[in-house]
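# An overview of the molecular structure
For reference, the chains in residue letters:
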Amino acid sequence: YGCGIAAGKGIGMNDMAPAGQEFRVVGTRPVRPDGIDKVTGKAVFGPDFVAAGMLQGAVLRSPHAHACIRSIDTSRAEALPGVKAVVTAADFPDIGALEMSMGESSGNVADLSRNCMAREKALYEGHAVAAVAATSAHIAREALGLIHVDYEVLPHVVSLEEAIRPDAPVLHETMFTTGVEPRPEKPSNLAMRFAMEHGDPATALAGAAAVSTGRYTTPPVHQGYIEPHACVASVNPDGQAQLWVSSQGAFLLRTLSASVLDMPVADLRVYPLEIGGGFGGKTTIYLEPVALVLSRKAGRPVRLAMDRGEVFRATGPAPGSIVDVRLGADADGRIVGLEMEFWNSAGAFAGASVPAAAMSGLGCYRWPALRAIGWDVVSNMPSSAAYRAPGGPPLAFAIESALDDIARPLGIDPIELRLRNAVRPGDTSLMGTPHRSIALVEALEAARDHPHWSAPLGENEGRGVAAGYWMNAGLTSTASVSVGDDGSVMVATGSPDIGGSRASMAMMAAEVLGLPYQQVRAIVADTASIGFSMVTGGSRTTFATGKAVIAAAEAVVAQLRAQAAAVWGVTVDQVEWHDGAAHCTAADEAREPMGMRALADAAGRSGAGPLS
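One structure accompanies this document, and this report is about it.

How each quantity is defined
- Residues numbered from 1 in each chain as written.
- Predicted model: local features only at pLDDT ≥ 70, side-chain atom pairs only at ≥ 80, totals over all residues.
- Heavy atoms only, no water.
- Pairing = 2+ DSSP bridges.
- Helix = DSSP H or I, 4+ residues; strand = E, 2+ residues; numbered from the N terminus.
- Contact = heavy atoms within 4.5 Å.
- Axes fitted to C-alpha atoms, helices over the stretch in contact; angles between N-to-C directions.
- Left-handed = near helix turned anticlockwise from the far one by under 90°.
- Nonpolar A, V, L, I, M, F, W, Y, C, P; charged D, E, K, R; others polar.
- Parallel < 35°, antiparallel > 145°, perpendicular 65-115°, else oblique.
- Phe/Tyr/Trp six-rings, centres within 6.5 Å; stacked < 30°, edge-to-face > 60°.
- Buried < 20%, exposed > 50% of the residue type's maximum accessible area, 1.4 Å probe, protein only.
- 1 Å grid on protein atoms, 1.4 Å probe; cavity = no way out; pocket = protein on both sides within 12 Å on 5 of 7 lines; lining within 4 Å.
- Points joined across faces, edges and corners; volume = space filled by probe spheres on them.

## What to know about the sheet that holds strand S24 (residues 581–584)
What links the strands of a sheet is backbone hydrogen bonding, and the strands pair in either a parallel or an antiparallel sense. Here we have 3 strands laid out as an open sheet, ordered S23-S24-S25, and antiparallel in their pairing. Looking along the sheet, the strands with just one partner apiece sit at the ends: strand S23 (575–578) and strand S25 (594–595). As paired strands, S24 and S25 are joined by 2 bridges and run antiparallel to one another. Bridged to Ala-582 within S25 is Met-594. Where helix H17 (residues 541–568) meets the sheet, it contacts S23, S24 and S25, and its direction lies at approximately 135° from that of S23.

Written as structure tokens, this is what we have:
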């Protein structure tokens, strides 16, 4: 999830250790637990999973960008031999508006439901309007052609420029712009107005030595993960349900799917499969509730998988944007003020990460006077989704470009200009919290001092610099660490492994326990086997889930010391744990160190129970 400046000496984990402390495992390069399966093709991704008696599903999608759905006739499809279930929005509960955290962003459950299956309207070309489960994929696709949908085609808007016009066709008759006082009297495609303001930027810009004025536009960009969306759902006669799915967060997917279907969260068990790319785009739901409804109706497991065309037609790109900037600086290159207005394209439903975009674009620098206004805009395109710092890169592109435009007339090196305005430890962030160690200045200085910054340029060669900011997300993680009866260690977390987190979790547990890495096994557990964990996203997993693993491993060390103390008949404070063993420090006691296997065996025989 990183973008920014990379130059100079790499920093290893030992460089960050407290003075006098050397890590033994952290900072090494062990073989990843999932490496062999992935390079040999044995790893099971979303489209690979097969359940006994599984049916094949297919989704009928709107050919129109904007259309009222007058009626849907599924009778011919239902009569086709091999078809076991056909569903439309009528098979889903009508969910009221409910805002819900989705990790780095938030979403409205009613909108999520209508995005999974169109209800009153189809809002983009590719919007799901019906689905079929059949004994073969061929029959399922044939059945789609037998479903008749009566559409009333409506005018549509795709581009931001079209969507924000006063006379633009309105997607949602109940959408009145929030953040505007008084409340608008007419609905529009502007879902929200967001403002960050302090000081008097107009006066500051009037007295600036140099002012950059520009409009910067970026189109929606899809995440482009190699693995398409896919899942297998199975609903038991008693209402208990299982999902096997590729996702950045099995727990969030469980919460969202259960909310859309108005079912208890405890009735849905989600099994995370390997994930073939996500980049933020697999933190929401598309097929999962549809597969669950099909399975409930058919009485058998159902597989739904998108093809590549469906991925691009029906899943979320990053928001496109229009950004208007007026940025001014004094003769020394210090920023005096900024006026900025921007519009982010949310697609069919609101949620274009406008606040996060503003904080990301503005987060690297000090702003003595600021007026930034952002708008969340809906249009007849697939609903936007997170993509590596949701909403941030387009705003950063605009600000960084404006800074370069200021540096040229002032005759100031672009990195030097950024150094004069960079936030530093102790400065207050845009969220109102003080910055601690952020190293922006050090990164800029490393780039400036690197030979590449001053090397002569050849023909058709260029050179540029930009800085990026993203707020790290803590959120919630759960981990368990348990000791086997042979002394080996199991680590379980609820965080899907996207970038090697199973290895990093095993390394941290091994570090705390003083064991070789090879003695620790790490897995990603399903939602019924461990406590809630938020998505793998926002650069949070190694940090937040790692802290949970460390805390769990430290709790196991405390149990190991207590068990050794009981065996030796000494107090716990007379037992130290290091090098993977308990050591007695009592002056009048001579005891051989006790390792993991001996302590696990002693705990089992003493009635102390598992070390976990």
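## Notes on the packing of helix H11 (residues 354–362) against helix H12 (residues 392–410)
Running from N to C, H11 and H12 cross one another at 40°; their axes reach a closest spacing of 7 Å. For the pair H11 and H12, the sense of crossing is right-handed. Here H11 contributes Ala-357, Ala-358, Ser-360, Gly-361 and Leu-362 to the contact with H12, which in turn contributes Gly-392, Leu-395, Ala-396 and Ile-399. Along the lines of polarity and charge, the residues of the contact of H11 with H12 split into 6 nonpolar, 3 polar and no charged.

## Quick word on the packing of helix H8 (residues 250–260) against helix H9 (residues 288–298)
Packing of H8 against H9 leaves a shortest axis separation of 9 Å and a crossing angle of 55°. Here H8 is positioned oblique relative to H9, judged by the angle of their axes. As for the relative orientation of H8 and H9, their crossing is right-handed in sense. Contact with H8, carried on its side by Leu-253, Ser-257 and Val-260, involves Glu-288, Pro-289 and Leu-292 of H9 and no other residues of that element. For the contact of H8 with H9, the residue count by class is 4 nonpolar, 1 polar and 1 charged.

## Topic: the packing of aromatic side chains
Tallying each qualifying case throughout the model produces 5 aromatic pairs. Look at Trp-244 and Tyr-271: their rings are 5.3 Å apart centre to centre, the planes differ by 10°, and that puts the pair in the stacked class. Pair noted here: Trp-244 is in strand S13 (residues 241–245) and Tyr-271 is in strand S14 (residues 268–272), with a separation of 27 residues, a long-range link. Residue classification places Trp-244 among the buried residues on the basis of a relative accessible area of 16%. With relative accessibility at 23%, the residue Tyr-271 sits in the partly exposed group. Taken together, a centroid distance of 5.5 Å and an interplanar angle of 65° make the contact between Phe-251 and Phe-532 edge-to-face. Of this pair, Phe-251 sits in helix H8 while Phe-532 sits in the loop between strand S22 (520–524) and H17, and the two are 281 residues apart along the sequence. A relative accessible area of 0% places Phe-251 in the buried class. Using a relative accessible area of 30% as the deciding quantity, one classes Phe-532 as partly exposed.

## Digging into the layout of surface pockets
Taken as a whole, the second largest pocket holds about 1,200 Å³ of empty space. Every residue lining the second largest pocket is counted, 48 residues in all, and those nearest its centre are Glu-99, Asn-108, Asp-111, Ala-350 and Gly-351. Residue assignment for the lining of the second largest pocket shows that the elements contributing at least two residues are strand S5 (106–108), helix H4 (109–116), strand S9 (190–198) and H11. The residue inventory of the lining of the second largest pocket, partitioned by class, reads 21 nonpolar, 15 polar and 12 charged.

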